[in-house]
Amino acid sequence: MNKKTYLVKVAYLIDLSDEEYKEMGDQLIPELENEITVMGNLKLDWQSSSTILLDPETMNCGRCSKCNSWVTDREKPDHIDELNNGAVVDDRLLCDECLPEEHRWAF
């Protein structure tokens, strides 16, 4: 059997206070990685990890004004691929599920 290698990217969103984040220290990512298996028997081979503090003031991200999910505006530069697609309609940031049906980023 000829096997191929796949790159699997997994992103998690987690709400933590500064105190909770400091308390977890460097243990957050290893704990998540130790729990990841596929189909009950395939262990993923960890290669790298990172955390990013989402900051709507300096990054292309924010909360959908309708459902409150995290979203990135796909019509602006520097979108964050790991977040839900969205766009601004009538000065409101909306995720792909809350956008009007006719919008090109609507799901």
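Located above this text is the structure these notes cover.
Description of the structure in this document. Note that this is a predicted model, so its numbers are computed, not measured. (Residues numbered from 1 in each chain as written. Predicted model: local features only at pLDDT ≥ 70, side-chain atom pairs only at ≥ 80, totals over all residues. Heavy atoms only, no water.)

## Observations concerning the pattern of salt bridges
Working step 1: Taken as a whole and assessed by the stated rule, the structure comprises five salt bridges.
Working step 2: Between Glu-82 and Lys-9 there is a salt bridge whose closest N-O contact spans 3.4 Å. Taken together, the positions of Glu-82 in the loop between β4 (70-73) and β5 (84-89) and Lys-9 in the segment before α1 (18-24) put the pair 73 residues apart, joining distant regions of the chain.
Working step 3: For Glu-82, a relative accessible area of 45% corresponds to the partly exposed category.
Working step 4: Among the ionic pairs, Arg-74 bridges to Asp-81, the shortest N-O distance being 3.2 Å.
Working step 5: In this structure Arg-74 comes out as partly exposed when scored by relative accessible area, which is 22%. (Salt bridge = Lys/Arg side-chain N within 4 Å of Asp/Glu carboxyl O. Helix = DSSP H or I, 4+ residues; strand = E, 2+ residues; numbered from the N terminus. Buried < 20%, exposed > 50% of the residue type's maximum accessible area, 1.4 Å probe, protein only.)

## With respect to the pairing of β4
Working step 1: Of the two faces of β4, the one carrying Trp-70 and Thr-72 and the one carrying Val-71 and Asp-73 are both buried.
Working step 2: One ladder, built from two bridges, connects strand β3 (residues 62-63) with β4; its direction is antiparallel. Paired with Arg-63 across the bridge in β4 is Trp-70.
Working step 3: Two successive antiparallel strands, β3 and β4, enclose a turn made up of six residues, where Asn-68 displays a positive phi of approximately 75°. (Pairing = 2+ DSSP bridges.)

## Let's talk about the side chain of Asp-73
Working step 1: Mapped onto the elements of the fold, Asp-73 is located in strand β4.
Working step 2: When its relative accessible area of 3% is taken as the criterion, Asp-73 is described as buried.
Working step 3: One polar contact links the side chain of Asp-73 to the main-chain amide nitrogen of Glu-75, over a distance of 2.9 Å. (Polar contact = N/O pair within 3.5 Å; in protein donor to acceptor, adjacent residues only side chain to side chain.)

The values are spatial; any link to function lies outside them.
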